[in-house]
Each structure stands twice: as structure tokens, then as C-alpha cells.
Amino acid sequence: MSWFERLSVSWVLRKHALPDHDWFEVTRKLPLLSGLNSSEKARLRLLTTLFIHQKVFSGAQGLELTLEMKIIIAAQACLEILAFNIAAFDGWSEIIVYPSTFRVERETENEFGIISTESRILSGEAWTKGPLVFAWDEVERDSFQIREGHHVVLHEFAHKLDMLNGRANGMPPLHPEMPVSEWTRSLSEGYERLLERVEHCHGGINPYAATNPAEYFAVMCEYFFTAPALLFERYPDVYRQLKAYFQQDPLARN
Ligand SMILES: [Zn+2]
């Protein structure tokens, strides 16, 4: 970080500090954060403060966003970048929150070049270089109690990390010490095994992960933080790669 960046960070932290009351009231209600030690919590607060200062939150359909709601989204998003810095979420600025699940209509092109309009109901969506969109009731449902493998905030922000090096494809920029070949082998093998299991209706992991490699990565990130023991038991190599990528070990926290 340059001296100028350090100066501007310390200015934000002084001028836009999150009030103690709001920070502690909200974060004590989030089970995802309960295993963090005090220095991790302090680091998370710093990242959350910068995040809320840098991003623009907009409520859709008349939803009024409170500071508490912003902290709930931002703190859990920043858990994913606890070992990185806030620049990991650079390149986009807006977070749009609907009161509930929202309908999107998109034009899709099939293999024959025929364009049709597809309508889908979503609980969250991440645009490349664009906004993140959430349904507030889904954020609440996933935030206040652990649902193994289900966390819309972790999911959509994982897509944002994945998109740091282009389109979402299941491979975010890896740290220099992480061999790309090991990442590719571990995640591809895990993905292939999941496809087989889904085909033979062997449950366990959310079958949405079998949609494509980008969704696989995002869903594995949900498991990594919400059900690390389950992920380690089913896909130990995927767990190890995510541990190396996030530079965190949620299994050791439980
Ligand atoms: Zn997704």
C-alpha cells in the first residue's frame, strides 16, 4: 500500500468509523463470525468500514436500507477477503437490495443462434464489472443461522472474486505460491464427481453447484465457510485449495 493509500484509509477509519454499538450488536448476531479471534474481528471491522464507505447501497422497490443491513452484508462479504485487502472488491461499486426474491428477464442465445427471453426468479445476482443484487429476506435467512452450504452473500461475492480476472469461470486469481495445476486438478475432479453424484441422485451437496464451474466455485465457497467439516469430508482437495486461496481455515475455528 502506498503512503497515500495508507493516509486515505486512516482518514476513512477516523471520519467514517462504524459506531461500536452498531458493529457489536450486528456482528454478535452473525454465527458465521463467531469463531473469529479478536485480531481477525478487528481486521474484519476495518475492511467492513472501508467497504461501506466505498460502495453505494441502493434499496429497490421502496426498501429502506439501515446501517445494520449494510453491516450484515458487508461484514460477511469481507469475511471472504479477511486475508486480502479491500482492493479485492475493486472494479464495481453498487449493491442493490430488493425486499424479496426478484424476477429478471434475459435474452439468451441457444447453440443454433436463436434468441429467446428467459425469465427467472433470483435471490442474488452478480454482474461482471456491475452491481451485486440481493433479496433481503434471503440475506436474513442465511445470515442469522447457519444453513449448511447456503449463503447468498458468500455466494455472490465469491462470483465477484472469480470475476477479478475476467468472466466468472471458477478460477479467481490465485496467489503466486499456489500452483494453477493443483487448483485445476482438485476443482475439476470435485466437479466431475459432483456431476456423477447428481446424475445418480446421491444428495449431500447442493446440486446447483453442478450448473457450471463458476457456480461450482461459488457453492464450494458457501460450504467452505458454513460447513467446513462436511466439505473437508466429501472433497478434501477442494477444501485444501480454498484454504490456500482464502488463507483461512474455518475447520480450525469450529
Ligand atoms: Zn451463482
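Basis of the calculations
Residues numbered from 1 in each chain as written. Predicted model: local features only at pLDDT ≥ 70, side-chain atom pairs only at ≥ 80, totals over all residues. Heavy atoms only, no water. Helix = DSSP H or I, 4+ residues; strand = E, 2+ residues; numbered from the N terminus. Rg over C-alpha atoms; globule rule 2.2 N^0.38 Å. Buried < 20%, exposed > 50% of the residue type's maximum accessible area, 1.4 Å probe, protein only. Contact = heavy atoms within 4.5 Å. Areas by Shrake-Rupley, 256 points an atom, 1.4 Å probe, with all protein chains shown as cover. Lys, Arg positive; Asp, Glu negative; His and termini not counted. Charge placed at Lys NZ, Arg CZ, Asp CG, Glu CD. Donors = N, O, S within 2.8 Å, 3.2 Å for Na, K, Ca; no water. Tetrahedral: all angles 85-135°; square planar, octahedral: opposite > 155°, others 65-115°. Core = buried A, V, L, I, M, F, W, Y, C linked by side-chain atoms within 4.5 Å. Domains from an automatic or database assignment. Patch = residues over 30% accessible without salt bridge, like charges linked within 9 Å, V, L, I, M, F, W, Y side chains within 5 Å. Salt bridge = Lys/Arg side-chain N within 4 Å of Asp/Glu carboxyl O.

Tallying secondary structure elements over the protein gives 11 helices and 6 strands in all. Computed over the C-alpha atoms, the radius of gyration of the protein is 18 Å, within 12% of the 18 Å expected from 2.2 N^0.38 for a compact globule of 254 residues. Seen through its C-alpha atoms, the protein measures out along the principal axes to roughly 55 × 40 × 35 Å. Within the protein, the proportion of its 254 residues that are buried is 45%. Here the contacts in the protein between residues at least 6 apart in sequence split such that 64% fall between residues at least 24 apart. For the protein, the accessible surface area stands at approximately 13,000 Å², while carbon and sulfur atoms represent 52% of it. Considering the protein, the positive charge centre built from 25 side chains and the negative charge centre built from 34 side chains are found 7 Å apart.

Our next topic: the coordination of the zinc ion. Around the zinc ion, the protein supplies His155 (NE2), His159 (NE2), Glu215 (OE) and Glu215 (OE) as donor atoms, at distances of 2.0 to 2.7 Å. Geometry at the zinc ion is irregular, judged from its 4 donor atoms and the angles of 52 to 143 degrees they form at the metal. Each donor residue of the zinc ion lies on the same chain, and together they follow the pattern H-x3-H-x55-E. Here His155 is found in helix H6 (residues 152–162), whereas its partner Glu215 is found in helix H8 (residues 213–226), with 60 residues between them in sequence. Per residue, the accessibility class of His155 equals that of Glu215, and both read buried.

The subject of this paragraph is the nonpolar core. Within the largest apolar cluster, 74 residues are counted, with the highest numbers of intra-cluster contacts made by Phe51, Phe157, Met220 and Leu242. Two domains each put at least three residues into this core: domain 1 (1–146) and domain 2 (169–254). Excluding residues that lie within four positions of it along the chain, Phe157 makes contacts with Phe51, Ile73, Ala77, Glu80, Phe89, Trp92, Ile95, Leu132 and Phe134. Formed by 7 residues, the second largest nonpolar core is a distinct cluster that contains Phe102, Val104, Leu122 and Val133.

Here the focus is a nonpolar patch on the surface. A cluster of nonpolar side chains, namely Trp3, Phe4 and Leu7, defines an oily patch on the protein surface of about 410 Å² accessible area. Mapped onto the elements of the fold, Phe4 is located in helix H1 (residues 3–15). Judged by its relative accessible area of 54%, Phe4 is exposed.

Worth remembering: the numbers are spatial, not functional.
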